[in-house]
Amino acid sequence: MEKNPQALIDGFNRKVDYLRMSVTDRCDFRCVYCMAEDMQFLPRQQILSLEELYQVAERFVALGTRKIRLTGGEPLVRQGIVELCGRIAALPGLRELCLTSNGSQLGRLAQPLFDAGVSRLNISLDSLDPEHFRALTRTGDLAQVIAGIDAARAAGFRRTKLNAVVLKGRNDHEIVDLVRFAIDRELDISFIEEMPLGVISEHERGESFCSSDDVRARLAEHFTLVESAESSQGPARYWRLAEAPNTRVGFISPHSHNFCATCNRVRLTVEGRLLLCLGNEHSVDLKQVMRQRPGDSARLEKAIRDAMQLKPYRHHFEVGGEVQILRFMNMTGG
């Protein structure tokens, strides 16, 4: 195993080597599980500049981070995103720069992102029915997203993964169709249990909850699922399909099979808060550190190191219970 005396270790002896960075809270969709229909976005001066985002990435990589994922909102609506990707991808020691997108901008940006050094893409796709897709995203165009998925493959991206949040009564009847879509394009796909972030009125989370076990049981009626020990360094547990060796099916289960014991991740919000856990409010304000002492990488590094001791052991999401985390997913970083 690679030895790094600078490695970040939390209070439970977990090595933190994966950083998820939100580059914007803005998005061209308004997905029902992610944000309110009438969102108020942050003023520009409150969000991290591209240079500040790079400074955080640089320090984390110096401290042993080997995977960075850029998220949003929709990261591709941030001006300068391709140039930021190129700078981060070039950091010595970084093994993988990934990006999560809704796919809407990939038709024009897939090739520039690939050329800049982005390693892999995750693309959200919750429905293959244009009307259902529009209802779930409120503003999304399914044809545009599918064109973006195809543009990513043409650009050279491999091991692209689709992400589908499953809502009972909304899109759970499309689970098999989504897997077949992934098989046809030699993509991976992960099914995600909805996370209780932000107060929403569009649906009742307890009633819409669909567990990973339910999804897997439905898929087993159509495919032969073979459990796999593969990992993408994230929370997904993967299964292979005997009928389709080029597609993996993952399950991200924050409720039914939480992945806290092996958590190796922290998140940076676009406001510069370093979140130590998706389901808790433990955080450190890295924006304040950088703006009080611009260019002081030693002080930024110390703040990151000290923050590791605030990382809790686990979250406590409840199905249908009161919302404990008021921030929406677009504020957290998808």
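From a predicted model like this one, the values you see are computed outputs, not experimental measurements.

I keep staring at helix 1 (residues 50-62) and nothing clicks. Help me out?
Structural remark: α-helix, 3.6 residues per turn; residues separated by three or four positions point the same way. Across its 13 residues, helix 1 extends 18 Å between first and last C-alpha, which sits within 8% of the 18 Å expected from 1.5 Å per residue. The set of residues buried in helix 1 consists of E52, L53, Y54, V56, A57, R59, F60 and V61. G64 sits one or two residues past helix 1 and shows a positive phi near 100°.

Quick question: what am I supposed to make of the packing of aromatic side chains here?
Two measures describe an aromatic ring pair: the distance that separates the ring centres and the angle between the ring planes. A complete count under the given rule lists two aromatic pairs for this structure. Aromatic side chains F114 and F157 sit 5.2 Å apart centroid to centroid with 80° between the ring planes, which places their arrangement in the edge-to-face category. Here the residue F114 occupies a position in helix 3 (residues 106-116), and F157 occupies one in the loop between helix 5 (142-155) and strand 7 (161-166), the gap between them amounting to 43 residues. Looking at R87, its charged tip hangs above the ring of Y54, at a distance of 3.8 Å from the centre. Lying across the ring of F251, R216 places its NZ or CZ 4.8 Å from the centre.

Could you clarify how one ought to interpret the packing of helix 1 against helix 2 (residues 81-89) in this entry?
Here helix 1 crosses helix 2 at 20°, and the two axes come no closer than 10 Å. By the angle between their axes, helix 1 is roughly parallel relative to helix 2. Crossing of helix 1 against helix 2: the hand is right-handed. Taking contact as the criterion, the partners of L50, E51, L53, Y54 and A57 in helix 1 are, on helix 2, L84, R87 and I88. By residue class, the composition of the contact of helix 1 with helix 2 is six nonpolar, no polar and two charged.

Would you mind going over the confidence of the model for the protein with me for this structure?
Low pLDDT marks regions whose predicted coordinates should not be analysed in detail. When pLDDT is averaged along the protein, the result is 87, and 84% of the positions lie at 70 or above. Predicted confidence for residues 197-206 stays below pLDDT 50, and this span has 38 contacts to residues more than four positions away or in other chains. In this model, residues 323-327 is a region of pLDDT below 50 whose contacts with residues beyond four sequence positions or in other chains number 24 contacts.

Just checking my understanding: could you explain unusual backbone geometry for this structure?
Peptide bonds are mostly trans, and most non-glycine residues show a negative phi. At the junction of G72 and G73, the peptide bond is cis and its omega measures out at 20° in the coordinates. You can see G73 is positioned in the loop between strand 4 (67-71) and helix 2. Of note, the phi angle at N13 is positive, near 65°, even though the residue is not glycine. In this structure, N13 sits in the loop between strand 1 (8-9) and strand 2 (15-16). Overall, N13 belongs to the exposed group, its relative accessible area being 66%.

What am I meant to see in the packing of helix 1 against helix 10 (residues 297-307) here?
For any two helices packed against each other, the geometry comes down to the angle between their axes and how far apart the axes lie. Here helix 1 crosses helix 10 at 65°, and the two axes come no closer than 10 Å. Looking at the two axes, helix 1 sits roughly perpendicular to helix 10. The element helix 1 and its partner helix 10 pack so that their crossing is right-handed. Along the contact surface, helix 1 presents Q55, V56, R59 and F60, while helix 10 presents S297, L300, E301 and I304.

For this particular structure, what's the right way to read the pattern of salt bridges?
Between side chains of opposite charge, a pair can form when the charged atoms approach closely. Evaluation of the coordinates by the stated rule reveals 17 salt bridges. The partner of R87 in a salt bridge is E51, and the shortest N-O contact between them spans 2.8 Å. Of this pair, R87 sits in helix 2 while E51 sits in helix 1; the two residues are 36 residues apart in sequence, bridging distant segments of the chain. Given a relative accessible area of 38%, R87 falls into the partly exposed group. Under the relative-accessibility criterion, E51 is labelled partly exposed at 36%. For K302, the salt bridge goes to D306, with nearest N and O atoms at 2.7 Å.

Definitions and cut-offs
- Residues numbered from 1 in each chain as written.
- Predicted model: local features only at pLDDT ≥ 70, side-chain atom pairs only at ≥ 80, totals over all residues.
- Heavy atoms only, no water.
- Helix = DSSP H or I, 4+ residues; strand = E, 2+ residues; numbered from the N terminus.
- Expected span 1.5 Å × (residues − 1).
- Buried < 20%, exposed > 50% of the residue type's maximum accessible area, 1.4 Å probe, protein only.
- Phe/Tyr/Trp six-rings, centres within 6.5 Å; stacked < 30°, edge-to-face > 60°.
- Lys NZ or Arg CZ within 6 Å of the ring centre and 35° of its normal.
- Axes fitted to C-alpha atoms, helices over the stretch in contact; angles between N-to-C directions.
- Parallel < 35°, antiparallel > 145°, perpendicular 65-115°, else oblique.
- Left-handed = near helix turned anticlockwise from the far one by under 90°.
- Contact = heavy atoms within 4.5 Å.
- Nonpolar A, V, L, I, M, F, W, Y, C, P; charged D, E, K, R; others polar.
- pLDDT = per-residue confidence, 0-100.
- Salt bridge = Lys/Arg side-chain N within 4 Å of Asp/Glu carboxyl O.

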